[in-house]
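Given next are the chains, with one letter for each unit.
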Amino acid sequence: YSKELLDLDQYIMKRIQEIPESKRLLITSHDAFNYYGRRYGIRVEGIIGISTESEAQTSDMLRVVDAIKESGVPAIFVESTINPKLIQQIAIDNNVVIGGSLYADSIGEKTSDGNSYIAMLRSNTNIIVDALAKNIITTSHHSQTNSQISWLAYGLLALGMLLGLLLFIWKMSN
């Protein structure tokens, strides 16, 4: 088992190197990943402290938003045991995606990819690296594109209605 843990440690070290240093920021609901972050050189910003019973304060939200803006991190993460609504709203408001769901405070179900301590750490690492190491197209980019298409469609519809009204007025006057 010791060898498996050492192999896992090396695997995580190697995978984390795939993330550009400026993007090594892990934002989650709470500070469950501080040991992980210290070991593998990732800055961890939780919205609330260690206790999941705490309420998020305005200062916590501002700190996390500032960290997102400062780092340009492309993704933030939900946790398997915590309501994701707050993280999802922060993602929407700050043009980042949800990089995935991390196992925190417990391992996953027997049929999950986090069904043991080793499997949980491997899964979390893969999710973190895959989301932070790549140039992810954010959800807001899609929203902006869809918004631009919507405005174009509304503009064309308004133009068509205006032309129809002008045609109607012209026919009525002749």
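Just so you know, the residues in each chain are numbered from 1, in the order the chain's sequence is written. Since the coordinates come from a predicted model, pLDDT governs what is reported: local features require at least 70, and pairs of side-chain atoms require 80 or more to be given and counted, while whole-chain, interface and lining totals use all residues. Side-chain calculation: all heavy atoms of the structure are included, whereas hydrogens and water are not.

Engineer: Explanation requested: the packing of aromatic side chains in the structure shown.
Structural biologist: Each aromatic ring pair is described using two quantities: the centre-to-centre distance and the angle formed by the ring planes. For Phe, Tyr and Trp, rings pair up if their centres lie within 6.5 Å, where Trp contributes its six-membered ring, and each pair is then called stacked (planes under 30 degrees apart), edge-to-face (over 60) or tilted (otherwise). Applying the stated criterion across every chain yields a total of two aromatic pairs. Plain terms: the ring middles of phenylalanine 33 and tyrosine 36 are 6.4 Å apart, the flat faces sit at 85° to each other, and that makes the pair edge-to-face. The same class applies to phenylalanine 33 and to tyrosine 36, which are both buried. Within the aromatic cluster, the residues linked to one another by ring pairs are Phe33, Tyr36 and Tyr40. Classification of residues uses two cut-offs on accessible area relative to the type maximum, computed with a 1.4 Å probe and protein chains only: under 20% is buried, over 50% is exposed, and between them is partly exposed.

Engineer: Would you explain a nonpolar patch on the surface in this entry?
Structural biologist: Distance thresholds for patches are 9 Å for like charges and 5 Å for nonpolar side chains (Val, Leu, Ile, Met, Phe, Trp, Tyr), applied to residues having over 30% relative accessible area and no salt bridge. Here the accessible surface of atoms and residues is derived via Shrake-Rupley with a 1.4 Å probe, and residues count as covered only by protein chains that are part of the display. We define a salt bridge as a side-chain nitrogen of Lys or Arg found within 4 Å of a carboxyl oxygen belonging to Asp or Glu. Together, Leu159, Leu162, Leu163, Leu165, Leu166, Phe168, Ile169 and Met172 line one region of the surface with nonpolar side chains, adding up to about 820 Å² of accessible area. You can see methionine 172 is positioned in helix 6 (residues 139-173). Elements are defined by DSSP. Helices are runs of H or I of four residues or more, strands are runs of E of two residues or more, and each kind is numbered from the N terminus.

Engineer: It is not clear to me how helix 3 (residues 58-71) should be interpreted in this structure. Could you clarify?
Structural biologist: Because an α-helix completes one turn every 3.6 residues, residues spaced three or four positions apart along the sequence face the same direction. Helix span, expected: 1.5 Å multiplied by one less than the number of residues in the helix. The end-to-end C-alpha distance of helix 3 is 20 Å, a good match for the 20 Å that 14 residues give at a rise of 1.5 Å each. Among the residues of helix 3, Asp60, Val64, Val65, Ala67, Ile68 and Ser71 are the ones counted as buried. Take helix 3 and look down its axis: the buried residues cluster within an arc of 155°, on one side only. Facing away from the buried surface of helix 3 by more than 90 degrees, the exposed residues are Thr58, Leu62, Lys69 and Glu70. Should any heavy atoms of two residues lie within 4.5 Å, those residues are considered in contact. At its buried positions, helix 3 is contacted by strand 1 (25-30), strand 2 (43-48), strand 3 (75-79) and helix 4 (85-93). At the C-terminal side of helix 3, glycine 72 shows a positive phi close to 70°. As used here, the arc is the angular range of directions from the helix axis to the C-beta atoms.

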